[in-house]
Amino acid sequence: MRRFTSNFLRYHLTRGHLLSPMTGSSRTGHTRAAQRILPAGPGLKEFLVAGKNFPAPNKSAIAEDVPYLSALDISGQNRKVFFEVYGCQMNVSDTEVVWSILKGHDYQKVEDFREADVVLLITCAIREGAETKIWNRLQQLSLYKSKRKSVLQIGILGCMAERLKTQVLEKERLVDVVAGPDSYKDLPRLLAVTRDGQQSAVNVLLSLDETYADVTPIRLNSSSVTAFVSIMRGCDNMCSYCIVPFTRGRERSRPMASIEEEVKLLESQGVREITLLGQNVNSYRDLSMTSSDKSPTTLAPGFKTVYKPKLGGARFEELLERIAEAVPEVRIRFTSPHPKDFPEEVLRIIQKHPNICNNLHLPAQSGSSAVLERMRRGYTREAYLELIDRVRSLLPGVALSSDFILGFCGETEEDFAETLSLIEAVQYNVAYIFPYSMREKTTAHRRFQDDIPDEVKRERMARTVEVFRKSATEANRRMIGQEQVILIEGDSKRSQEDFYGRNDGNIKVIIPKGSLDSRPIAVGDYIAVKIHSANSQVLKGTPLRRTSLNRSN
């Protein structure tokens, strides 16, 4: 049985945030082996502040960057790593950061876990169903590992790693490495000290400043014409149902210059559409940049926030315009904005730039003001509908998507009926609908009871999906006869004779393969199409011509 033989805190000299590495061994011999790798243990130097109590270390020197291991020790030495990604787009983006870090330490990526020396699961803790799926996968991998002749390291990364570190390492003993969202730079060391398969290591402490701005992500699918770019990490909103602030930490924004540099690099690699990612993108603030505007974002009537807004720095609308101008022939999307502090300036920027897509994700979560109050969303039903009206007045034809949580604590049948009526009133083009799942550490876990039976949640979810599909079909059918520009992304899943792409509103469009201007239509082309049919999920169209994102074409 594994036990921890070392449990200490140290300040990482070149990172500026607190780490908590823990290693364990099951036998004295392995402890001595670990001591040979880590000969001296932490000294006084590890508890002092670099640049204050002694000269700052040379960041280019790996031995200084990872005090106890040499460059050879932390090298992957061409060991093979396999990634399994669960959850949201942010986890995809995180995996690309992790792959960049590990590739820089001589790891190779494989597409089959049976070929791997290291299997890393990038996990999600937002809902119980996601965690259950990961637990089942860990059991499968553990069984496979027990039958394998060579050593296999298993690690979990991301939100679930932070939330269930003790259970994963001590109780279940299914993994070798646990790394939270802010400790990916420490992965080479964590993998190095657990390479013999006899000990475990964890680093899950959250940072106030880590944004990975100095890491150039490496795309998992280098042939894709779409990509994600993370612009911020963490969240300060503290919605009562949400565990993100506890698993990803406080909100901090990535410097604008590094975002622009990554976007331009992606364009040079053939990417034609980029989605800017953040838990709450419209509260983005690059505090490294000076700004004459020192005021906080002004909230519209009916909206409020539980945290003190940041002052100064460059705001999201400035970033959005800078990126749009930097890559005018690349589509720009962003997700997710929060309805409570949605600045009108962002809508004006979308109006101005044809390469910023005319679609918004505005997560409502509920149509009941009473439920929204318990969720601590910071707005009422009426304020949300006023925002929708304002959006549509400035952006005619905008496509809207949303999130809904059904069966939240205390939700009555009347509350639920208000959610259905909101969906009917707004007529979203896309919706993500989930039954409520109580999460530990959240405000709801401390204050409320998860008092809606599972069968009621399932029944409400089925009714919601039915109402949504009906209203989405009506919304999408209004596009029939319109000419729209789509980006060709690949073959249709249902027919090798068709391509699929997405229109400006992020709705999938199917067109037949063929040629235009004596050249075959290809992945990465912008194609003007005429829509001739629609349902709640997909449009179908006829290709007309190649085009660009310049509206004058």
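Rules of the game
Residues numbered from 1 in each chain as written. Predicted model: local features only at pLDDT ≥ 70, side-chain atom pairs only at ≥ 80, totals over all residues. Heavy atoms only, no water. Helix = DSSP H or I, 4+ residues; strand = E, 2+ residues; numbered from the N terminus. Contact = heavy atoms within 4.5 Å. Areas by Shrake-Rupley, 256 points an atom, 1.4 Å probe, with all protein chains shown as cover. Pairing = 2+ DSSP bridges. Axes fitted to C-alpha atoms, helices over the stretch in contact; angles between N-to-C directions. Phe/Tyr/Trp six-rings, centres within 6.5 Å; stacked < 30°, edge-to-face > 60°. Lys NZ or Arg CZ within 6 Å of the ring centre and 35° of its normal. Patch = residues over 30% accessible without salt bridge, like charges linked within 9 Å, V, L, I, M, F, W, Y side chains within 5 Å. Salt bridge = Lys/Arg side-chain N within 4 Å of Asp/Glu carboxyl O. Lys, Arg positive; Asp, Glu negative; His and termini not counted. Charge placed at Lys NZ, Arg CZ, Asp CG, Glu CD. Buried < 20%, exposed > 50% of the residue type's maximum accessible area, 1.4 Å probe, protein only. Parallel < 35°, antiparallel > 145°, perpendicular 65-115°, else oblique. Left-handed = near helix turned anticlockwise from the far one by under 90°. Nonpolar A, V, L, I, M, F, W, Y, C, P; charged D, E, K, R; others polar. Expected span 1.5 Å × (residues − 1). Core = buried A, V, L, I, M, F, W, Y, C linked by side-chain atoms within 4.5 Å.

1. Examining the overall build of the chain
Regarding its fold elements, the chain presents 17 helices and 27 strands. A separation threshold of at least 6 residues defines the contact pool for the chain, and within that pool the share at least 24 residues apart is 73%. Summed over its atoms, the accessible surface of the chain is roughly 24100 Å², and 50% of this surface lies on carbon and sulfur atoms.

2. A look at the sheet that holds strand β21 (residues 483-491)
The five strands are arranged β21-β22-β23-β27-β26 in a closed barrel whose pairing can be described as mixed. In this sheet, neighbouring strand axes are inclined to one another by 55 degrees on average, regardless of whether the strands run parallel or antiparallel.

3. Re the sheet that holds strand β11 (residues 226-230)
With parallel pairing, the three strands of this open sheet are ordered in space as β11-β14-β17. Looking at the sheet topology across the chains shown, the edges are occupied by β11 and β17 (331-335). Neighbour to neighbour, the strand axes of the sheet diverge by 25 degrees on average, direction disregarded. In terms of strand pairing, strand β14 (residues 273-277) meets β17 through five bridges, oriented parallel. Residue pairing for β17: L276 is matched across the bridge by F334. Lying on the sheet, helix α11 (residues 316-326) is in contact with β14 and β17; it crosses β17 at an angle near 155 degrees.

4. Re the packing of aromatic side chains
In this structure the tally under the stated criterion is eleven aromatic pairs. Ring centres 5.9 Å apart and planes at 45 degrees place the aromatic pair F303 and Y379 in the tilted group. Residue F303 is found in the loop between β15 (285-286) and β16 (314-315), and its partner Y379 is found in the loop between α13 (369-375) and α14 (381-394); the two are separated by 76 residues along the sequence. When the centroid spacing of 5.1 Å and the interplanar angle of 75 degrees are considered together, the rings of F316 and F334 count as edge-to-face. You can see F316 sitting in helix α11 and its partner F334 sitting in strand β17, a full 18 residues away along the chain. Through a chain of ring-to-ring contacts, the aromatic side chains of Y241, F408, Y436 and F448 assemble into a single cluster. A cation over an aromatic ring shows up here: K508 above the ring of Y500, its NZ or CZ 5.0 Å from the ring centre.

5. Side note on a negative patch on the surface
Among the surface-exposed residues, E382, E386, D389, E414 and E418 lie close enough to one another that they form a single negatively charged patch. Counting only elements with at least two residues in the negative patch, the list comes to α14 and α15 (413-426). Per-element accounting of the negative patch gives the leading share, three residues, to α14. Owing to a relative accessible area of 46%, E382 belongs among the partly exposed residues under this scheme.

6. Points about the packing of helix α12 (residues 344-352) against α14
The N-to-C vectors of α12 and α14 enclose an angle of 25 degrees; their axes lie 10 Å apart at closest approach. In terms of axis orientation, α12 runs roughly parallel to α14. As for the relative orientation of α12 and α14, their crossing is right-handed in sense. Across the interface between the two elements, E344, L347, R348 and Q351 of α12 pack against R390, V391 and L394 of α14. Of the residues assigned to the contact of α12 with α14, the class counts are three nonpolar, one polar and three charged.

7. Points about the packing of α11 against α12
At a minimum axis distance of 9 Å, the contact between α11 and α12 shows a crossing angle of 10 degrees. One finds that α11 runs roughly parallel with respect to α12. Crossing handedness for the pair α11 and α12: right-handed. For the pair α11 and α12, contact is made by F316, E317, L320 and E321 and by E345, V346, I349, I350 and K352, respectively. Grouping the constituent residues of the contact of α11 with α12 by class yields five nonpolar, no polar and four charged.

8. Side note on helix α17 (residues 454-477)
In this model, α17 (24 residues) spans 34 Å end to end at C-alpha, consistent with the 34 Å of a helix rising 1.5 Å per residue. What α17 keeps buried is the set K457, R460, T464, V467, F468, S471, A472, T473, A475 and N476. Looking at the buried positions of α17, the neighbouring elements they touch are β19 (399-406), α15, β20 (430-435), β26 (526-534) and β27 (538-546).

9. Overview of the pairing of β14
Burial analysis of β14 places five of its five residues in the buried class, which makes it a mostly covered element. Burial along β14 is two-sided: the residues E273, T275 and L277 and I274 and L276 are all buried. As judged from the five bridges shared by β11 and β14, these two strands associate in the parallel manner. Each residue of the ladder has a partner; that of V229, found in β14, is L276.

10. As for the nonpolar core
The biggest cluster of nonpolar side chains holds 70 residues, and the ones touching the most others in it are F316, L320, L360 and Y428. Ranked by residue count, the leading element in this core is α14, at six residues. Discounting residues that sit within four places of it in the chain, L320 has contacts with L276, I332, F334, V346, I349, I350 and I356. Counting residues in each nonpolar core, the second largest holds 25 residues, with F82, A116, A161 and L164 among its members.

11. So, unusual backbone geometry
Of note, the bond from T335 into S336 is cis; its omega dihedral lies within 30 degrees of zero at 0 degrees. Among the structural elements, S336 can be located in the loop between β17 and α12.

12. Some words on the environment of V98
Within the secondary structure, V98 is located in helix α4 (residues 89-103). The class for V98 is buried, based on a relative accessible area of 1%. Sequence separation between V98 and I122 is 24 residues; the distance between their C-alpha atoms is 9.7 Å. Not counting residues up to four positions away in its chain, the partners in contact with V98 are F83, L120, L157, Y184 and L187.

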